Amino acid sequence: MYIKGISSNVNFTAGKVDLYSDFDGTYCPARHLSLHDPAANSFMSEYCAKMDSFFKSTNGDIHFNITTGRTFGEYESVSWLLKMRNFRLPFPETVITKDGSDRLLKNGSDIEFYEKGKFPFSYNTTSKEKENNIKKMSNWDGKAIYNELRRLADKYKIRFVEADSQNSVSDYGNRSFYSSGKLDPDEWKKLPRENGKILHHESPIADYALGSRNDGRLKFYLLFPPDYGFCPVRNWIYDNLMNDLKNFMKSNNISYHIDWEPADNSNMHRISCSITPEFENGALTKLYDTKNAVKKAAKNNDIVITAGDGSNDFDMLNPLKYLDEDFLKQCEQKSKYKDFYRKDMKKRLEDLQKVYNDDDSAYIKGLRKELTENGFLRKIEELPIYSIVIKKKNTKLQLLIDAFERIGKIVAVEKGKLDDGIKKIVKNHAEKNSKYKNSMSEQFKSFIFGIKKKSAKNNHSSLKITALIFLVFLTGYAGYKYFIKRVQQNEDSTGSETSKLKSLG
């Protein structure tokens with residue numbers, strides 16, 4: 001049998017969710033330190049089972065990514081702690097390390113890790129697509145920069161120390177900078193001090209070393225000795241190293257950003273710096289991946305959900321960060337309220353909160369009218385981005401909740417309720433967007449909206465109606481059979497009379 005080809009405009013990739021969740025306090029509600037205590041976190045087994053069921057039920061419909069402030073080594077360390085406690089927290093499809101650095105691709109299964117101890121990610125199995133796109137954007141070449149750092153350390157005869165974390169040995173063991181054979185956490189105490197402050201000194205005292213944290217190939221974090229900044233000899237060497245590195249970047253047309261962190265008690269009195277590709281006139285952040293995801297979602301009729309609980313999640317969670325720059329410039333050029341577009345983010349969000357909450361001051365009424373007419377408010381609502389904020393005291397994310405919770409762009413949930421926030425967002429979006437809802441798989445639709453079951457009363461009524469129809473059918477059928485029988489009898493009778501008449505004639 002020949003079947004003519006069927007053409008269809010259905011997009012089989014549509015109706016999906018791209019989820020980007022912070023790890024600590026958001027996806028993993030147990031605190032790192034508490035995982036060392038066998039008596040703590042009794043809720044975690046139930047939580048892990050719940051999330052496992054959630055992701056299995058949405059397999060193929062929700063694409064789950066972790067975006068964390070941890071390095072690869074730190075993330076792996078806490079994963080082993082979870083395993084030791086038999087907390088089988090499901091792994092994502094990708095892990096983005098160190099606030100927007102390398103995107104690690106899953107190359108193993110959850111079962112292989114929890115049953116056989118094979119970790120499903122590796123330091124060098126990363127997204128080449130992301131690395132190539134960043135190279136096009138900034139000419140950044142992580143491998144070449146790493147090799148140059150090693151060359152400069154050799155040039156200045158500096159001991160080059162690599163580690164996964166600048167945090168304590170008690171948390172990270174030999175992955176820490178301060179584990180045996182690496183850097184001395186108490187070295188600053190050897191330096192001359194007065195009232196707790198390190199004093200200027202001519203002769204070097206601290207170890208002649210440079211720490212390099214394993215942030216991946218899209219970010220570098222350098223940790224200097226505690227006498228850098230206080231000893232002219234040390235200053236000259238490390239300043240020259242950094243100048244040489246900057247010249248290397250310049251000669252290779254690499255657009256980069258450096259953030260310096262001063263020395264204090266929290267970092268063992270060591271100055272440090274973070275070097276990243278330049279992104280939107282600043283450092284590479286979590287926003288890079290989620291912003292690209294939103295662009296793809298807009299084309300594919302999908303949505304992006306971000307989730308977080310800390311200040312390093314702010315930009316990623318903020319809908320304003322996803323508005324098109326050209327559109328914003330056009331709005332500002334034609335605006336009677338140009339100051340709104342030039343305010344810092346805090347004040348802009350405060351104004352938007354008043355706009356959405358029907359503040360009736362003259363300024364807000366005028367601003368609301370303009371933002372409605374120029375499409376600014378509509379653009380925010382149409383963005384395929386929604387965010388989940390984990391509730392906690394004195395959160396730095398309260399501004400986002402206050403501004404956008406009313407219109408559904410931000411959903412605030414209790415710790416351990418990430419799945420509830422996701423379901424709420426998908427349901428609300430689908431109810432407002434029939435195109436998205438119609439694109440959802442039947443499995444996903446049933447999971448989000450639930451399968452409507454008929455009540456016992458309705459079932460009883462249905463049975464009564466069915467029985468009545470069947471009774472009517474039987475009655476009708478019996479009547480029909482009786483009618484046919486009578487007709488046949490009449491025909492037989494008439495036929496007999498006719499025969500008799502013929503014989504008489």
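Everything numeric here is computed off the predicted structure, so don't read it as measured data.

(A) Focus on the packing of helix α5 (residues 142-155) against helix α7 (residues 232-251). Between α5 and α7, whose axes approach to 10 Å, the crossing angle comes to 150 degrees. The crossing of α5 and α7 is right-handed. On α7, the residues touching Ala 144, Ile 145, Glu 148, Leu 149, Leu 152, Ala 153 and Lys 155 of α5 are Leu 241, Asp 244, Leu 245, Phe 248 and Met 249.

(B) Up close: the side chain of Ser 21. Within the secondary structure, Ser 21 is located in strand β1 (residues 17-21). In this structure, Ser 21 is in contact with Thr 26, Tyr 27, Phe 64, Asn 65, Ile 66, Thr 67, Ala 307 and Leu 418, ignoring residues within four places of it in sequence.

(C) Spatial organisation of unusual backbone geometry. Phi at Met 268 takes a positive value of approximately 60 degrees, unusual for a residue other than glycine. Examined against the element boundaries, Met 268 turns out to sit in the loop between β10 (256-261) and β11 (272-277). The residue Asn 281 is not glycine, and still its phi comes out positive at about 65 degrees. Mapped onto the secondary structure, Asn 281 falls in the loop between β11 and α8 (287-300).

(D) Spotlight on the nonpolar core. Counting residues in hydrophobic clusters, the biggest one holds 72 residues, and the most contacted among them are Ile 275, Leu 352, Phe 376 and Phe 404. The element that contributes the greatest number of residues to this core is α7, accounting for seven residues. When neighbours within four sequence positions are excluded, Phe 376 is seen to be in contact with Leu 320, Leu 323, Phe 327, Leu 328, Phe 340, Tyr 341, Leu 352 and Leu 371. Core analysis: the second largest hydrophobic core is formed by 47 residues, Leu 19, Met 51, Ile 62 and Leu 89 among them.

(E) View of the sheet that holds strand β13 (residues 385-390). Spatially, the seven strands line up as an open sheet ordered β4-β3-β2-β1-β12-β13-β14, and their pairing is mixed. Both outer strands of the open sheet, β4 (103-105) and β14 (410-413), are each paired with one neighbouring strand and no more. Each adjacent strand pair in this sheet contributes to an overall mean axis angle of 20 degrees, direction not counted. Judged from the three bridges that link them, strand β2 (residues 62-67) and strand β3 (residues 94-96) form a sheet pairing that is parallel. Within β3, the position partnered with Thr 67 by the bridge is Ile 96. In this fold α8 packs onto β1, β3, β4, β12 (303-308) and β13, with an angle of close to 155 degrees to the strand it touches most, β12.

(F) Quick peek at the packing of aromatic side chains. Considering all chains together, one arrives at 31 aromatic pairs under this definition. With a centroid separation of 5.6 Å and 75 degrees between ring planes, the pair formed by Phe 113 and Phe 119 is classed as edge-to-face. Residue classification places Phe 113 among the buried residues on the basis of a relative accessible area of 0%. Taken together, the ring pairs connect Phe 23, Phe 72, Tyr 75, Trp 80, Phe 91, Phe 113, Tyr 114, Phe 119, Phe 121 and Tyr 123 into an aromatic cluster. Note that Lys 423 overlies the ring of Phe 447, its terminal NZ or CZ placed 4.8 Å from the centroid.

(G) Local environment of the pairing of strand β9 (residues 220-223). Where burial is concerned, the two faces of β9 agree: the one with Phe 220 and Leu 222 and the one with Tyr 221 and Leu 223 are both buried. Sheet analysis places strand β8 (residues 209-213) next to β9, joined by three bridges and oriented antiparallel. From the neighbouring strand, Gly 211 faces β9, where its bridge partner is Leu 223. Hairpin connection between β8 and β9: a loop of six residues separates the two successive antiparallel strands, and Gly 216 in this loop has a positive phi of roughly 100 degrees. Here β9 pairs with β11 via four bridges, running antiparallel. Note on β11: the bridge partner recorded for Leu 223 is Ser 272.

(H) Quick peek at the pairing of β8. Within β8, five of the five residues are buried, which leaves it mostly tucked inside the rest of the structure. Of the two faces of β8, the one carrying Ala 209, Gly 211 and Arg 213 and the one carrying Leu 210 and Ser 212 are both buried.

(I) Just the sheet that holds β11, in detail. With mixed pairing, five strands are arranged side by side in an open sheet as β5-β8-β9-β11-β10. Looking along the sheet, the strands with just one partner apiece sit at the ends: β5 (159-163) and β10. On average, each strand axis in the sheet is tilted by 20 degrees relative to the strand beside it, whichever way the strands run. α7 rests against β8, β9, β10 and β11 of the sheet, and its axis sits at about 160 degrees to β10.

(J) Geometry of the environment of Met 137. Note on placement: Met 137 falls in helix α4 (residues 128-138). Overall, the relative accessible area of 36% leaves Met 137 in the partly exposed class. Spatially, the C-alpha atoms of Met 137 and Ser 255 are 8.4 Å apart, while their sequence positions differ by 118 residues. Sequence-distant contacts of Met 137, that is, excluding residues within four places in its chain, are made with Glu 278, Phe 279 and Tyr 288.

Conventions we followed
- Think of each chain on its own: its residues are numbered from 1, step by step along the sequence as written.
- Where totals are concerned, whole chains, interfaces and linings use all residues; where local detail is concerned, this predicted model gives features only for residues with pLDDT of at least 70, and gives and counts side-chain atom pairs only at 80 or more.
- Just so you know, side-chain values use all the structure's heavy atoms and leave hydrogens and water out.
- What counts as an axis is a line fitted to C-alpha atoms, over the stretch in contact for a helix, and the angles between N-to-C directions run from 0 to 180 degrees.
- By the criteria applied, helices consist of DSSP H or I runs no shorter than four residues and strands consist of E runs no shorter than two, each listed in order from the N terminus.
- Less than a right angle of anticlockwise turn of the near helix away from the far helix marks a crossing as left-handed, whereas a clockwise turn marks it as right-handed.
- Here a residue-residue contact requires only that any non-hydrogen atoms of the pair lie within 4.5 Å.
- Think of a nonpolar core as a cluster: buried Ala, Val, Leu, Ile, Met, Phe, Trp, Tyr and Cys residues, connected wherever their side-chain atoms sit within 4.5 Å.
- Exposure is judged per residue with a 1.4 Å probe applied to protein chains only, and the accessible area is read against the type maximum: over 50% gives exposed, under 20% gives buried, and values in between give partly exposed.
- The rule for pairing is simple: two strands pair if DSSP sees at least two bridges between them.
- Stacked, edge-to-face and tilted labels apply to pairs of Phe, Tyr and Trp rings (six-membered ring for Trp) whose centres lie within 6.5 Å, assigned for plane angles under 30 degrees, over 60, and everything in between, in that order.
- We call a charge positioned above a ring when the Lys NZ or Arg CZ atom is no farther than 6 Å from the ring centre and deviates by at most 35 degrees from the ring normal.

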